[in-house]
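Chain by chain, the residues run as shown.
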Amino acid sequence: MTTVVNDTSEETFSALADPYRREIMAHCYRMLGSVHDAEDLVQETYLRAWRAYERFEGRSSLRTWLHRIATTACLTALESRGRRPLPTGLGGPTPDPEGELVERSEVPWLEPVPDSVVGADGSDPGTVVVARESVRLAFVAALQHLPPRQRAVLVLRDVLRFRAAEVAEALDTSTAAVNSLLQRARAEIGNVMPSEDEVTEPDERERRELLDRYVAAFENYDVAAMVELFSSEAVWEMPPFLTWTRGAENIGRLIAAQCPAQGPGDQLLIPTTANGQPAFGLYMRDENGEHQAFHLQVLTVTREGVSHVAAFFDTRLFPTFGLPMTAPVVPRR
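About the cut-offs
Think of each chain on its own: its residues are numbered from 1, step by step along the sequence as written. For this predicted model, a pLDDT threshold of at least 70 governs which residues receive local features, and a threshold of 80 or more governs which side-chain atom pairs are given and counted, while totals over whole chains, interfaces and linings are taken from all residues. By convention in this description, side-chain values take in all heavy atoms of the structure and omit both hydrogens and water. A run of H or I in DSSP counts as a helix once it spans at least four residues, and a run of E counts as a strand once it spans at least two, with each numbered from the N terminus. Using a 1.4 Å probe on the protein chains alone, a residue whose accessible area is under 20% of its type maximum counts as buried, one over 50% counts as exposed, and one in between counts as partly exposed. Charge counting treats Lys and Arg as positive and Asp and Glu as negative, with His and both chain ends excluded. By convention in these notes, a salt bridge is any Lys or Arg side-chain nitrogen within 4 Å of a carboxyl oxygen on Asp or Glu. Here a polar contact is taken to be a pair of N or O atoms separated by no more than 3.5 Å, where protein atoms must pair a possible hydrogen donor with a possible acceptor and residues adjacent in sequence count only if both atoms sit in side chains. Should any heavy atoms of two residues lie within 4.5 Å, those residues are counted as being in contact. Among buried residues, those of type Ala, Val, Leu, Ile, Met, Phe, Trp, Tyr and Cys that are joined through side-chain atoms within 4.5 Å constitute a nonpolar core. For two strands to count as paired, DSSP must find a minimum of two bridges between them. Multiplying 1.5 Å by the helix residue count minus one yields the expected span of that helix.

## As for the side chain of Glu 237
Okay, step 1: Looking at where Glu 237 falls in the secondary structure, it is placed in strand E1 (residues 230–238).
Okay, step 2: Buried Glu 237, no salt bridge; nearest opposite-charge side chain is Arg 246, N-O distance 9.1 Å.
Okay, step 3: Engagement of the side chain of Glu 237 in a polar contact is seen with the backbone nitrogen of Thr 88, the distance being 2.9 Å.
Okay, step 4: Of note is the side chain of Glu 237, whose polar atom sits 2.7 Å from the side chain of His 308.
Okay, step 5: Residues within four places of Glu 237 in sequence aside, it is in contact with Leu 86, Pro 87, Thr 88, Trp 244, His 308, Val 309, Ala 310 and Ala 311.

Next up, the structure:
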């Protein structure tokens, strides 16, 4: 379906284009791996689209046209930016969870994204919203292994379901080149993505029960209880630290050695959602007895337990997720 432009007023443009804003945001986030960079590119996309709107002749849908502009903007931005990894993408796990943490603050790390920003919460069924699987942290991290044009082709073809000819037009290339890029991108993604069996989620009741136990274990600073909640090959990583570990027992050792909490009540967790996954803002009690923003955890939950935690030590993310920098005073659980 195409959109024919008869009225080129700003009000008409906004009414037609704004319903796609969260979808465009999700597209820019997948391409860039940063919620903050994606927000900037969405603004740039809509500014470019408004400036060119009077020349939009409706030969393609407005949705396709907006994605074409966004893709071009993202590819231009990526010319001067490296990929955004997670620590697991840069080396093996630490053999010594109690050892000194290695920090790399200069690395542009992958960032999580709030579900509400990219439509993964499903709160607006009247618009085209992104499937949760397409913004999962593992998938976005895997996309970072692809060169920018392969990344664009994979997202446009396999996530947004654009036709090969539409992608070729967006990238100013041939359909044959698009198909070749897609084949290579799929092969690479298959090498770095976890298998589907590894991320099979429990039902809602089991999931809620597991998350309740998870919160209780952290707020009670019960490391033994934490260990019981992780799957045997679970991964814990925490950018900007290169140090990461694999295995429930090793995660317990890492937390016991590196976490500044001393006992029950030192930590407080406030739930949120990120990348279509459960997440928590973790607050650490300071010397004044107040709980200050410490890190943001994004969890992968499977039938075997929590299989992956990415703890982002970037408190600038808290406002992005609508979380306070200082936790409100609440009764002890």
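Alright, that's what it looks like, and here's the rest.
## A few points about the environment of Arg 213
Okay, step 1: Mapped onto the secondary structure, Arg 213 falls in helix H10 (residues 204–219).
Okay, step 2: Judged by its relative accessible area of 40%, Arg 213 falls in the partly exposed class.

## Observations regarding the nonpolar core
Okay, step 1: The biggest cluster of nonpolar side chains holds 72 residues, and the ones touching the most others in it are Cys 28, Trp 65, Leu 66, Leu 137, Leu 154 and Tyr 283.
Okay, step 2: At ten residues, the largest contribution of residues to this core is made by helix H4 (residues 62–78).
Okay, step 3: If sequence neighbours within four positions are ignored, Leu 137 has contacts with Tyr 29, Leu 86, Leu 110, Pro 112, Asn 275, Gln 277, Val 298, Ala 310 and Phe 312.
Okay, step 4: Among the nonpolar cores identified, the runner-up in size contains 31 residues, and Tyr 221, Ala 234, Ala 248 and Leu 269 belong to it.

## Notes on the pairing of strand E5 (residues 291–302)
Okay, step 1: Among the twelve residues in E5, ten count as buried, and that is most of the element.
Okay, step 2: Looking at chain direction, strand E4 (residues 277–285) and E5 are connected through seven bridges and run antiparallel. Note on E5: the bridge partner recorded for Gly 281 is Leu 296.
Okay, step 3: Count of turn residues in the E4/E5 antiparallel hairpin: five residues, of which Gly 289 carries a positive phi of about 85 degrees.
Okay, step 4: Examined bridge by bridge, E5 and strand E6 (residues 305–312) share seven bridges and lie antiparallel to one another.

## Notes on helix H3 (residues 35–52)
Okay, step 1: For H3, spanning 18 residues, the distance from its first C-alpha to its last is 26 Å, which sits close to the expected 26 Å at 1.5 Å a residue.
Okay, step 2: The elements touched by buried residues of H3 are helix H1 (10–17), helix H2 (21–32), H4 and helix H13 (317–320).
Okay, step 3: Where H3 starts, the residue carrying a side-chain oxygen 3.3 Å from the main-chain nitrogen of His 36 turns out to be Ser 34.

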